[in-house]
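The chain contents come next:
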Amino acid sequence: MQRHHDELPTEAFNETDMRLLWNKFAQRLSDTGQKIMSTYMQINDPELQDDGFTIKLELPNEGSKVDFDNNKIELLGYLRGKLHNHDIVIETHVNETVEKKYAFTPEDRYERLKNINPALDLLRKTFDLDI
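Per an unreviewed UniProt entry, the chain is named DNA polymerase III subunit gamma/tau, and its organism is Flavobacterium rhizophilum.

Here is the structure:
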């Protein structure tokens, strides 16, 4: 028996409850090997919008947005059922902030790597390597 949309529950919920269920679902995905979708869900915290049923998630690029949107049906069903609100929608947005790109010289890269692992300098000296 299929219920009409008017008969489906639309109970109010808060952001905390939504995030707890969101993280629980992400963990379940991770545990069952669906690591990519789980990662998308955990890149940023989802935000409950002022309308009380729209969940906004920012993703880093268009590819992750398309992939998430294509795979969010199960998540949406889970949240709607657990939160007793069938008006819930998930909107994804690409974060337009572009990371700064630096042009490194070979010396800059070497210094950065040497800071990460000081043994690199020993290796370079031992084998008389150029930078």
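This is not the end of the story, as more comes after the structure.
## Concerning the packing of helix α2 (residues 35-43) against helix α3 (residues 62-70)
Taken N-terminus to C-terminus, the directions of α2 and α3 make an angle of 110°; their axes are 10 Å apart at the nearest point. Taken together, the axes of α2 and α3 lie roughly perpendicular to each other. Crossing angle aside, the handedness with which α2 passes α3 is left-handed. Across the interface between the two elements, I36, M37, Y40 and M41 of α2 pack against S64, D67 and F68 of α3. Tallied by class, residues from the contact of α2 with α3 come to five nonpolar, one polar and one charged.

## Things to note about the pattern of salt bridges
Two side chains of opposite charge can pair, provided their charged atoms sit close to one another. This model, assessed by the stated rule, comprises seven salt bridges. For the salt bridge of K65 with D69, the shortest nitrogen-to-oxygen distance reads 3.0 Å. Here K65 and its partner D69 are both found in helix α3, four residues apart, which amounts to about one turn of the helix. With a relative accessible area of 23%, D69 lands in the partly exposed category. Among the ionic contacts, a cluster of salt bridges with common partners joins E15, R19 and D45.

Parameters at a glance
- Residues numbered from 1 in each chain as written.
- Predicted model: local features only at pLDDT ≥ 70, side-chain atom pairs only at ≥ 80, totals over all residues.
- Heavy atoms only, no water.
- Axes fitted to C-alpha atoms, helices over the stretch in contact; angles between N-to-C directions.
- Helix = DSSP H or I, 4+ residues; strand = E, 2+ residues; numbered from the N terminus.
- Parallel < 35°, antiparallel > 145°, perpendicular 65-115°, else oblique.
- Left-handed = near helix turned anticlockwise from the far one by under 90°.
- Contact = heavy atoms within 4.5 Å.
- Nonpolar A, V, L, I, M, F, W, Y, C, P; charged D, E, K, R; others polar.
- Salt bridge = Lys/Arg side-chain N within 4 Å of Asp/Glu carboxyl O.
- Buried < 20%, exposed > 50% of the residue type's maximum accessible area, 1.4 Å probe, protein only.

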